[in-house]
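# Commentary on secondary and tertiary structure
So the chains spell out like this:
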Amino acid sequence: MAIISNFTASTLKDAGKSLISGNLVAFPTETVYGLGADAANKSAVAKLYQVKGRPADHPLIVHISSMANLDKWARDIPEYAIKLARTFWPGPMTLILPRTDLAKDFITGGQDNVGLRVPSHTVALALLKEFESQGGLGIVAPSANRFGKVSPTAADAVAEELSVYLSPSDLILDGGPCLVGVESTIINCTQDLPAILRPGAVTAEMIYRRLGIAVQLGIDEGNLKIKAPGLLQSHYAPLAKVFLSGDTQPGDGFIAHSSINTPAGAIRLASPKDNDEYAQILYESLRLADKKGLKRVFIIQPSNEGLGTAINDRLIKAAEKI
Ligand code: TXA
Ligand code: MG
């Protein structure tokens, strides 16, 4: 597995070619790093599941370079979904839509819908355009971490986590640290009204303000039929045990807004000044706790403003690990 950090037209062309040949290419997006495979190549996708250690019935997000390719993967697209795509793509938003025949069971986990996203990171977009110009139709890319673990927001974190599982012909594209830092907002667009299945940088408030569309938050019975495993169980978890309440003990890691003092004996891992920075550095800080061999990390949750809802969603899941 090679890591590439100097991009030229020819390195991106080679990365596109590598995907077409069935290899895996990890690449940066504005949210987190993804581990990419050709969405139409069954054996490449099987390898992706193996490297991630992910159960085969968990669906993958198909990444495309523009809305123009939406019809290839999705059908019966509601008007509100078109509005969402026009407003927030390219960007940190995934739409769940009824699938076409192109979206096979091996990427949807057997469900009749498919997740689609146009990322905004320049390297991700350039890779997608290159891949599509060589005949590719979409790149499936889960976060480039082992199943249930913390998503990587830098290329070295991808290498640390996956290098032993990747083959010599696989690639990691290093596009620097991710700007958003938490995964995309997932919106279920298979019902009359849209519903957020996973909060992210595109918030319900933004959607209401820009489009006047009221998006349901949380999960009702209809949405529960949709399988979004990141939603319900322990996930995003470091090796250290995460605590969101109680008292710190000496030697605990500590993450909180910069205005909050470090308790005596605790080890400060991050001091974000606002929710945007909190999201950006959260996963790297959890990785740092593991590198330091800490057993416990104590985290003061941010407010629910802006990215705060997404951060709190991930923190609650990280703390669910027993
Ligand atoms: O920001 C992101 O979305 C990143 C970057 C790389 O694009 N990707 C990402 O993928 O977070 P992943 O696979 O780690 O998380 C996607 C979540 C999973 O919980 C998956 O079950 C859910 O989205 N998902 C994917 N397709 C779905 C579908 N058709 N229906 C319901 N949930 C779906
Ligand atoms: Mg993930």
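Owing to the predicted nature of the structure, the values given are computational and were not obtained by experimental measurement.

## Remarks on the overall build of the protein
Within the protein, the secondary structure is distributed over eleven helices and 15 strands. Computed over the C-alpha atoms, the radius of gyration of the protein is 19 Å, within 12% of the 20 Å expected from 2.2 N^0.38 for a compact globule of 322 residues. Per-residue burial for the protein yields a buried fraction of 57% across its 322 residues. When the accessible surface of the protein is summed, it comes to about 13300 Å², and 54% of that surface belongs to carbon and sulfur atoms. If you average the places of the 32 positive and of the 32 negative side-chain charges in the protein, the two averages end up 3 Å apart.

## Description of the layout of surface pockets
Size it by volume and the largest pocket reaches roughly 210 Å³. K149, V150, A157, E160, E161, A237, P238, L239, R287, D290 and K291 together form the lining of the largest pocket. Elements with a minimum of two residues in the lining of the largest pocket: α7 (155-162) and α10 (275-291). A per-class count over the lining of the largest pocket returns five nonpolar, no polar and six charged. A domain-level breakdown of the lining of the largest pocket finds at least three residues from each of domain 1 (2-225) and domain 2 (241-318). The calculated volume of the second largest pocket comes to roughly 160 Å³. Along its surface, the second largest pocket is lined by 14 residues, and T203, A204, E205, G306 and T309 are the ones closest to its centre.

## Considerations on the domain arrangement of the protein
Per the domain assignment, the segments of the protein are domain 1 (2-225) and domain 2 (241-318). Domain 1 and domain 2 are separated by 27 Å when their C-alpha centres are compared. Facing 22 residues of domain 1, the contacting portion of domain 2 comprises 14 residues. When domain 1 packs against domain 2, the two sides together hide about 1400 Å² of surface, and 55% of this comes from carbon and sulfur.

## Thoughts on unusual backbone geometry
Residue P90 follows W89 across a cis peptide bond; omega there is -5 degrees. Looking at where P90 falls in the secondary structure, it is placed in the loop between α4 (79-88) and β5 (93-98). The phi torsion at D76 lies on the positive side, around 50 degrees, for a residue other than glycine.

## Digging into the pairing of strand β10 (residues 195-198)
With three bridges connecting them, strand β9 (residues 185-188) and β10 associate as antiparallel partners. Directly across from N188, in β10, lies its bridge partner A195. Sheet topology places β10 next to strand β11 (residues 216-217); two bridges connect them, and they run parallel. Within β11, the residue paired with I196 across the bridge is L217. Remark: the β10/helix α8 (residues 204-211)/β11 crossover connection has right-handed handedness.

## Notes on the environment of L95
Here L95 shows up in strand β5. Separated by 34 residues in sequence, L95 and I61 have C-alpha atoms that sit 9.0 Å apart. When neighbours within four sequence positions are excluded, L95 is seen to be in contact with A81, L84, A85, W89, V114, G115, L116, I187 and C189.

## A look at the packing of aromatic side chains
Scanning all chains against the criterion turns up one aromatic pair. Taken together, a centroid distance of 6.2 Å and an interplanar angle of 15 degrees make the contact between F254 and F298 stacked. A residue pair is termed long-range when its members are at least 10 positions apart, and F254 in strand β13 (residues 253-255) and F298 in strand β15 (residues 296-299) qualify at 44 residues. For F254, a relative accessible area of 2% corresponds to the buried category. Here F298 falls in the buried class, since its relative accessible area comes to 5%. Taking NZ or CZ as reference, R146 lies 3.8 Å from the ring centre of Y165, over its face. Between K241 and the ring centre of F243, over which it is positioned, the NZ or CZ distance is 5.3 Å.

## A short note on the pattern of salt bridges
Considering all chains together, one arrives at 13 salt bridges under this definition. With a closest N to O distance of 3.2 Å, D112 and R99 form a salt bridge. Taken as a pair, D112 in the loop between α5 (105-108) and β6 (113-117) and R99 in the loop between β5 and α5 lie far apart in primary sequence, 13 residues in all. For R99, a relative accessible area of 14% puts it in the buried group.

Analysis parameters
- Residues numbered from 1 in each chain as written.
- Chains lettered and ligands numbered in written order.
- Predicted model: local features only at pLDDT ≥ 70, side-chain atom pairs only at ≥ 80, totals over all residues.
- Heavy atoms only, no water.
- Helix = DSSP H or I, 4+ residues; strand = E, 2+ residues; numbered from the N terminus.
- Rg over C-alpha atoms; globule rule 2.2 N^0.38 Å.
- Buried < 20%, exposed > 50% of the residue type's maximum accessible area, 1.4 Å probe, protein only.
- Areas by Shrake-Rupley, 256 points an atom, 1.4 Å probe, with all protein chains shown as cover.
- Lys, Arg positive; Asp, Glu negative; His and termini not counted.
- Charge placed at Lys NZ, Arg CZ, Asp CG, Glu CD.
- 1 Å grid on protein atoms, 1.4 Å probe; cavity = no way out; pocket = protein on both sides within 12 Å on 5 of 7 lines; lining within 4 Å.
- Points joined across faces, edges and corners; volume = space filled by probe spheres on them.
- Nonpolar A, V, L, I, M, F, W, Y, C, P; charged D, E, K, R; others polar.
- Domains from an automatic or database assignment.
- Contact = heavy atoms within 4.5 Å.
- Buried area = accessible area lost by both parts, 1.4 Å probe.
- Pairing = 2+ DSSP bridges.
- Right-handed = clockwise from strand over helix to strand, strands pointing away.
- Phe/Tyr/Trp six-rings, centres within 6.5 Å; stacked < 30°, edge-to-face > 60°.
- Lys NZ or Arg CZ within 6 Å of the ring centre and 35° of its normal.
- Salt bridge = Lys/Arg side-chain N within 4 Å of Asp/Glu carboxyl O.

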